[in-house]
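Examining the three-dimensional arrangement
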Amino acid sequence: MNRSRPETKPLALLLGRLGCDWQFWLTGFCVILVTFGVVWALVLRRTLEDISPFFRLLASQSGLSSKDLEGVVFGGPGKMLRTLIGGDRISLENAMDVLSIALVHPLAVGLLGLWAIGRGTSLLGELDRGTLELLLSQPVTRRIVNLSQVIFDFICWPVLGLCLCGGLAIGTWWISPIREKPVNGDILEKIEASKPWWMRFEFLNQKPQKTERPFSDRMQLSPPVFLKAAPAVAALGFAMSGISFAIASFGRSRIKVLGILATMFFLMYLANLLAQLFEPMEWVRPLTVFYYYHPQELALGQGDFIRLREWGLDQPRVSALGVLLLIGLFGYGLGSWYMAKRDLPVPI
């Protein structure tokens, strides 16, 4: 006799149903995320091979270092661009740092948010279409229906995280090794021609050069390292879909909830970005899910523990992954609780 778990079979059937309904969209998103990572690496290859030597030449001609040029380029209005790509913890003279920008690129984050909103409101969509009422007419409870949604998302997000990070790893493997190309001869001639005649003598043009890291260190690529960031990608998506599920459980129209969620996540992203530029707004950052999204640190071996210094808390350190998972679980818990007890409106 096997009467201890009578709800196991309905749960398995519901998971199979979700898999059939979402397999096309899941496959499409996986392909998009993998393609994005590969294309990002291929595009950055030209930057690393052609443009980096040019900027290093400009720096050497003036006795500066690459860090000095970064300070000029990303000063003033350019600080927002620096914030978008990861802030001061990212060095543009390091190939792995530059490639890791794909993990925080607005397009990648937007794709994750698009899937999170779509999945979080899927149950409300079934209520709109009337399929939820038909499903609940079967010997299945609302609690099992909600649980199937949570488990399905818990399965999907690691897959999507591996697709984004795996695509970046594949692209990095594709362009490895990086070989810097010599600067165009015409550019070298123009630089020499622009110098006064007395500066063309080498013994009169010996400027103190700032030490640069060796080429082998700066351009060394390690594709599997990016797979370490997959948990951060999955945790961010799980948090956003949990929030979406909670808000959707209180709604009646999926279209309206989609608009609310899209606006809310956009404002969160914008607040997290602007607060890094405007110091009096820093206290807002820990209230956004994007504050706890640190895939670059995981990929580059820096850990994901953070201090809430924006709230004056230097201790203790908290795990960014743990916070994102807790947000997601709380959202799903709240949404499941309310969805199990609310009155279901008749679909129009």
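Further up the page is the structure itself.
Residues numbered from 1 in each chain as written. Predicted model: local features only at pLDDT ≥ 70, side-chain atom pairs only at ≥ 80, totals over all residues. Heavy atoms only, no water.

1. Overview of the environment of Val34
The test is simple: Secondary structure elements follow DSSP: runs of H or I no shorter than four residues count as helices, runs of E no shorter than two count as strands, and numbering proceeds from the N terminus. Three exposure classes are used, based on accessible area relative to the maximum for each residue type with a 1.4 Å probe and protein chains only: buried under 20%, partly exposed in between, and exposed over 50%. When checking whether two residues touch, look at their non-hydrogen atoms; a contact exists if any pair is within 4.5 Å.
If you trace the backbone, Val34 turns up in helix H1 (residues 8–62). The class for Val34 is partly exposed, based on a relative accessible area of 27%. Beyond its immediate stretch of four places on either side in the chain, Val34 contacts Cys163 and Gly167.

2. Remarks on the packing of aromatic side chains
Rules: Only rings of Phe, Tyr and Trp enter the pairing, Trp through its six-membered ring, and a pair is recorded when the two centres are within 6.5 Å. The plane angle decides the type: under 30 degrees is stacked, over 60 is edge-to-face, the rest tilted. The rule for a charge over a ring is simple: NZ of Lys or CZ of Arg within 6 Å of the ring centre, and within 35 degrees of the ring normal.
Evaluation of the coordinates by the stated rule reveals 11 aromatic pairs. Relative to Tyr332, the ring of Phe238 lies with its centre 5.3 Å away and its plane at 35 degrees, an arrangement referred to as tilted. Taken together, the residues span a long stretch of sequence, with Phe238 in helix H11 (residues 230–249) and Tyr332 in helix H14 (residues 320–341) at a distance of 94 residues. Residue Phe238 is classed as buried on the basis of its relative accessible area of 2%. Ring pairs connect the aromatic residues Phe154, Phe238, Phe245 and Tyr332, which therefore count as one cluster. The residue whose ring lies beneath Lys341 is Trp337, and the NZ or CZ to ring-centre distance is 5.0 Å.

3. Examining empty space enclosed by the protein
Our working rule: In this analysis a 1.4 Å probe is tested at points of a 1 Å grid over the protein atoms alone, and where it fits but cannot get out there is a cavity; an open set with protein on both sides within 12 Å along at least five of seven lines is a pocket; lining residues have an atom within 4 Å of a point. Grid points are joined across faces, edges and corners, and a volume is the space filled by probe spheres set on the points. Residue type decides the class: Asp, Glu, Lys and Arg count as charged, Ala, Val, Leu, Ile, Met, Phe, Trp, Tyr, Cys and Pro as nonpolar, and the leftover types, Gly among them, as polar.
A full pass over the atoms with the stated rule returns 1 cavity of 30 Å³ or more. Here the largest cavity defines a volume of roughly 40 Å³. Taken together, the elements giving at least two residues each to the lining of the largest cavity come down to helix H7 (131–136) and helix H8 (142–175). The greatest single-element share of the lining of the largest cavity, amounting to 3 residues, is contributed by H8. The residue inventory of the lining of the largest cavity, partitioned by class, reads 6 nonpolar, 1 polar and 1 charged.

4. Quick notes on H11
Using the following cut-off: Under the convention used throughout, the expected extent of a helix is 1.5 Å for every residue step, that is, one less than its residue count.
Taking 1.5 Å of rise per residue, the 20 residues of H11 would be expected to cover 28 Å, and the 28 Å separating its terminal C-alpha atoms lies within 8% of that figure. Within H11, 18 of the 20 residues are buried, which leaves it mostly tucked inside the rest of the structure.

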